[in-house]
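# Residue-level structure breakdown
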Amino acid sequence: MQKDQTPQVPIRIRTSQPQENIQQPSQSNTQPALPARRVPPPPRETRLGSVDHNSDDYEDPDLFYSCVHPVNTPYRDMSLQVPVQVKVQYSSLCSDDELLDDDDTTLWSDSPISSQQGSLCLPSIGRLSPATKDDSPQLSAVIKMGWLDKNPPQGALYYQRRWVKLDVDYLRYFDNDKEVYSKGIISTAFITNVSSVGELKFEVVTSNRTFIFRAESEAERNDWVTVLQDCTGGRSRHSTMNPNSPLSSDFQGYLELRGLRSKLYTVVASDKVFLYKNMEDYRIGVGITSIDMNVGNVKVTDRRSFDLTTPYRIFSFMAESEQLKEQWVDAMHNAIGEALSNSEVADQIWMERSNSLCADCGAPKPEWAAINLCVVVCKRCAGQHRGLGPSISKVRSLKMDRKVWTEELIQVFLSLGNERVNSFWAANVPPSEALTPSSCSEERRRFITNKYRQGKYRKYHPLYGNQKELDNALCINVQSSDVLETLSLIFCGADVNCSTGMPSCPSPLSLAKAHSQLLQAELIKNNLNTELPRLEVGLAMDVNPYSPPLCVSHNGFLYKTASMARAITERKAREEFSRRWCTLNDGTFSYYESDKNSNPNGALKASEIVCLAVDASDRHGYDHTFELYSESERLYLFGTDDADSHKEWVKSIAKSFIPASAEPLLRLGFERIGRLKCKDGLNLQTSKVGWFALVGSTLHAYLEDSRGEEIHLRKLNELSIQQDNEVLVLVERGRTLYIEGERKLDFSGWCGAIQIAAGSGGDTLSQQQLTETDIPIIVHSCIGYITQCGLTSEGIYRKSGVNSRVAALCERFRRDARSLCLREGEHQVDDVSTTLKRFFRELEEGLFTSEDAKTWLSTASIQDESMKISQYQMLLNRLPHVNKATLQALINHLYCVQRVSDLNQMNLHNLAIVFGPTLFQTDGKDYTAGRAIEDLIQHYIHIFEVDEQQLKKQLAEIDVIIKLRTQNKNFPSTTPGGHIICTVYLEEKKETATAEYHVQIPGSMTAAELTCEVLDRRNIPVKDKEYWSCWEVCNKEEMERPLHYQERVLPILHSFGTESHLLIKKYHSMEAMICYLGNKVDVSKHGLMKFREERSILGLGRTTGSFNDRYFILTSNSLRMYKEVRSNRPEREWPVKNLKVYLGIKKRLRPPTCWGLTVVYESKKQEKPEKQQWYLCCDTQPEMREWFATFLSIQYDGDVWPQDGLQQTRVSRALPDTRHGNVSLIPLRGSENEMRNSVAAFSQDPLAPFRDVR
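Conventions we followed
Residues numbered from 1 in each chain as written. Predicted model: local features only at pLDDT ≥ 70, side-chain atom pairs only at ≥ 80, totals over all residues. Heavy atoms only, no water. Helix = DSSP H or I, 4+ residues; strand = E, 2+ residues; numbered from the N terminus. Buried < 20%, exposed > 50% of the residue type's maximum accessible area, 1.4 Å probe, protein only. Contact = heavy atoms within 4.5 Å. Areas by Shrake-Rupley, 256 points an atom, 1.4 Å probe, with all protein chains shown as cover. Phe/Tyr/Trp six-rings, centres within 6.5 Å; stacked < 30°, edge-to-face > 60°. Lys NZ or Arg CZ within 6 Å of the ring centre and 35° of its normal. Pairing = 2+ DSSP bridges. Axes fitted to C-alpha atoms, helices over the stretch in contact; angles between N-to-C directions.

A few words now on the overall build of the protein chain. In terms of regular secondary structure, the protein chain is built from 30 helices and 50 strands. Within the protein chain, the proportion of its 1254 residues that are buried is 53%. Within the protein chain, contacts between residues at least 6 apart in sequence are counted, and of these 64% link residues at least 24 apart. For the protein chain, the computed accessible surface area is about 57200 Å², with 47% contributed by carbon and sulfur atoms.

In structure tokens form, the structure reads like this:
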């Protein structure tokens, strides 16, 4: 159930009718009647033949079954009261024309008279008497009304008397002239013909129904025909509802009238609710009745039920779910608001030109206002204002909250206006953050929170921060007429309840009233309890987030080298430094020949300093040095032997150029601090300015629009530098940060420092590169590799590897464990197992820490098992977090190893003998250390409080690995049979670690699965409305094609040439294509395009063609090309399913427009295969997009994009039972002929879930 879905209700704006065509109602019986006409007797039945059981005598709807009640006492306060007249009658529940469900006449078995075939009659338990004329909801401008006989459905001869009304929108018919709600309505927009048929009769024809009425006389019949023809003539006709209908529905769907077994299709549109038997009737404009909501009230009665109460009926509805019920209630409340709205205030407010546009997003005709903030906003922004709470934004409607809008409040909005008010509220809005009318809800929420809750963009008053002066200024200003100044004072901290010091006028409000400043008083009155903006919630008033940097002063002697234009790579001796007198005053750092000189040798403004780096104590000739990097790409090196002086200089200089918003960085013991440009996440269009500080292995950052955050460099999933773009890429879980090299000099320094900080910093566990779970990457990688490749290796961990290879592995892990990926065949199991043991043997402080290692060993001698386990648990909890996580990962691994000791011969005892001395770093002369390890493995589940279900799952996965390895004697090493190793690029073709990926492509892998795999490698989350796709890009032909998400990748690779590649990127046009296809009624498309053919007969390379206008018709089966629009026979015809459509045309063909498609068709002729390639040019990009969308929709039967989004395609692929070949695929490299001659096996990798081994 969705809002604004098609089709829509075709309600038109009513126009005045000529006076002579309108039948004036009389006042008799409180109901209109035709003047100067004989009023017929009450409805009578006319029998023209045998009674038909489908007669509308029994079938006519009356919507008021047991679900419809008379208005009773609880509703009297909210409804217009009319006398109650109770009468017993039978009323049916659908229109005259047919049953609610033609196929199930037993639907109404509970009805008292359901035995009559086709009867839908139900007893009414009470109805209100008809309302007076003024209260009637059906008082549209009536063009004509009167009594007519109406022919029932199925052509029965049994006529019924109906009271018929015609207005500009609908032809309605009722049981009698006292009824308020009709039995049936026919939209005049769908009436295609009105004509006389036989004696006294006329027919009203819609697209698929004909209604026959009979008048009392020939003149009356002719009068009805004339009026109906005048009413419907000259209008565009609709065969069904379509997206271009005059008015879109607000909400629509099926609702059950409580007590019935069938549902009615209900539509909420503007200020009315329409009832239809089903959606098809809605589409063809034939309904049951409409309910005007100006007399309606909605009340929730049950979990899924609610009542729509009017003075005439109570409609008891039941929704399909509680959530849908809430949506229905909201929609009907909105309809009531629309019905009761009054535009008088809105028109007055809009007289100020700037108020006619939303103060936040610029949408036209805003109908809401925040009366305390003095801004006029649109409905979507008003919703976000409500989210701030009434203490910040008091939201009122311009059309419905009439009582709020006093003359003074209206004058406040007219005197200020959105433009003037935004000169305060939005004085400093960055263009990248500004809203537009099309901005999404999340963008509105963020912007409006920043603007009003935090006051981020406001213009700060010169007195901001000085409470006493602000209060005094407020008391003075409220005596004048400057309302904008008062607004600025209030929202910069002035207390509206402050004391004026005057007994007669103790508050600013009373002071304004005393001086007859009614507008000032109105503004103050609306802000008596307003919460002031804060940059951060709870921030003290005297903290100014936008204040300029504090004036820092410092001076003293420093030693300086000559400034440089390149990074310092060698040690600077003391002789290279010169003594200089340095001062820091008024935001300028100056250095002089001596303290006697008045003219500086040089100076740096604080605004020019972009980075400050603190060197290690032994880096240069002086013990303490620091580097300053300037905007002009110069580096300044200063030194001193005084540690305190050095510390004071670093602190003072940093304070001079770091803004107040990043002030917490100054409290850190940083090694490097400064300004960098960066791009956060997937928003690569605009850069942010960020302030960074490097402290140890942690990078602290303050980005625009965010609070401080920490990036743990040793836990990064990926760290790389894209040399071409000078971008440092930091990938952590769920996020990617791109740091840009705006200036080469300081950027190279940042890169080097971050890379060093991200590497292993020492020999303790906490100094290693870690995973997200705080396990050293070397431990995680070795355990993962052995789990996959070495569990069945006999003597695993007992046998030693080759010393040279082990030493090389240890060194590579020490340099950068993140970049090393262990691969079967390239690395040996015993080398990896020995590397793991050597890491723990050489670990500084040991795994159990030198402080507690002896306690662990003594615990092994405790005889009582429960006491021993408790002691182990106590010691475990005392370990540092990294040590505890590492120990649990290792013991878990050893527990799994000993579970398959029948294969590897490494039982509990053997593992303890090996790992006891290794982990406790003992000589192994006794078994004490081994006993402790044996206890930890044996009691692993209890000591570490393991989830047994998770452990069972892990062991089951290991069993699968072992089973597959034992069954496949020729088990592949790195590339399993049936895979191609293909190079896939992310966003652009670049041979870098962040853009180039080598992916194994099984035969069953789809484009969506390949896309998800590449995005997962980069930890890029797929958000809603992001259409990541896999593209086939052909550089030679200058064309590209987004693969359908279900399309198999492997066949595409085999058709590749050397000039083609696969690319993962967003398909920005997909949302527009989906919208186009969703609104498209017919699957076909036709139109003019420019056509050029390039035919190539294999072996000859002969080409022909030039661009000419052709008319194309694309259907579900074929694409036909005509020489011109009037041609009867197509020149060419191609089956759509065999066409491959690419975006783009190569430039050497000189296409007449840049919006072109390249279409490839290959015939299946055995003796003479032929490949056709031709080109289509469109006049506009939307036109090209529509053609491409239609091709895609036809080729894949309307399934253009996964219904639940790309994320739902991340499913494990089923293992195929058969192989289509027996040769493992080679990596996709080499010449085109070699690739085309490769024999591919399209089988699945059985170990795909276990191959993520670092």
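The rest of the description comes next.
One can find Lys-837 in helix H17 (residues 829-841). For Lys-837, the contacting residues outside a window of four places in its chain are Tyr-797, Lys-799, Val-914, Phe-915 and Thr-918.

One non-glycine residue with positive phi stands out, namely Glu-845, at about 75°. Mapped onto the elements, Glu-845 comes out in the loop between H17 and helix H18 (853-859). When its relative accessible area of 45% is taken as the criterion, Glu-845 is described as partly exposed. Backbone geometry at Gln-905 places phi at a positive 65°, although glycine is not the residue there. Judged by its relative accessible area of 38%, Gln-905 falls in the partly exposed class.

Right, let's talk about the packing of aromatic side chains for a bit. The tally for this structure, following the rule as stated, stands at 39 aromatic pairs. Ring geometry for Tyr-170 and Phe-274: centres 5.7 Å apart, planes at 45°, overall tilted. Pair noted here: Tyr-170 is in strand E9 (residues 170-174) and Phe-274 is in strand E16 (residues 272-276), with a separation of 104 residues, a long-range link. For Tyr-170, a relative accessible area of 2% gives the class buried. Aromatic side chains Phe-1091 and Phe-1112 sit 6.0 Å apart centroid to centroid with 50° between the ring planes, which places their arrangement in the tilted category. One end of the pair, Phe-1091, is in strand E44 (residues 1085-1097); the other, Phe-1112, is in strand E45 (residues 1108-1114), with 21 residues separating them in the sequence. This pair shows no difference in class: Phe-1091 is buried, exactly as Phe-1112 is. Through successive ring pairs, a cluster of aromatic residues spans Tyr-181, Phe-306, Tyr-312, Phe-315 and Phe-317. Positioned over the ring face of Tyr-159 is Arg-214, at 4.5 Å from the centre of the ring. Just above the ring of Trp-1187 sits the side chain of Lys-1085; from NZ or CZ to the centre is 5.2 Å.

Turning to the environment of Ile-777, a few remarks are in order. With respect to the element layout, Ile-777 can be found in helix H15 (residues 777-789). Since its relative accessible area comes to 3%, Ile-777 is described here as buried. Between the alpha carbons of Ile-777 and Ala-817 there is a distance of 6.1 Å; along the sequence they are 40 residues apart.

Quick look at the sheet that holds strand E22 (residues 368-370) now. If you trace the three strands from one edge of the open sheet to the other, you get E23-E22-E24, paired in antiparallel fashion. Strands at the two margins of the open sheet, each flanked by one partner only, are strand E23 (375-377) and strand E24 (395-397). Strand-to-strand twist in this sheet, taken as the mean axis angle between neighbours without regard to direction, amounts to 30°. Looking at chain direction, E22 and E24 are connected through three bridges and run antiparallel. Counted as the bridge partner of Ala-370 is Val-395 from E24. Across the sheet, helix H7 (residues 407-425) is in contact with E22 and E23; its angle to E23 comes to roughly 90°.

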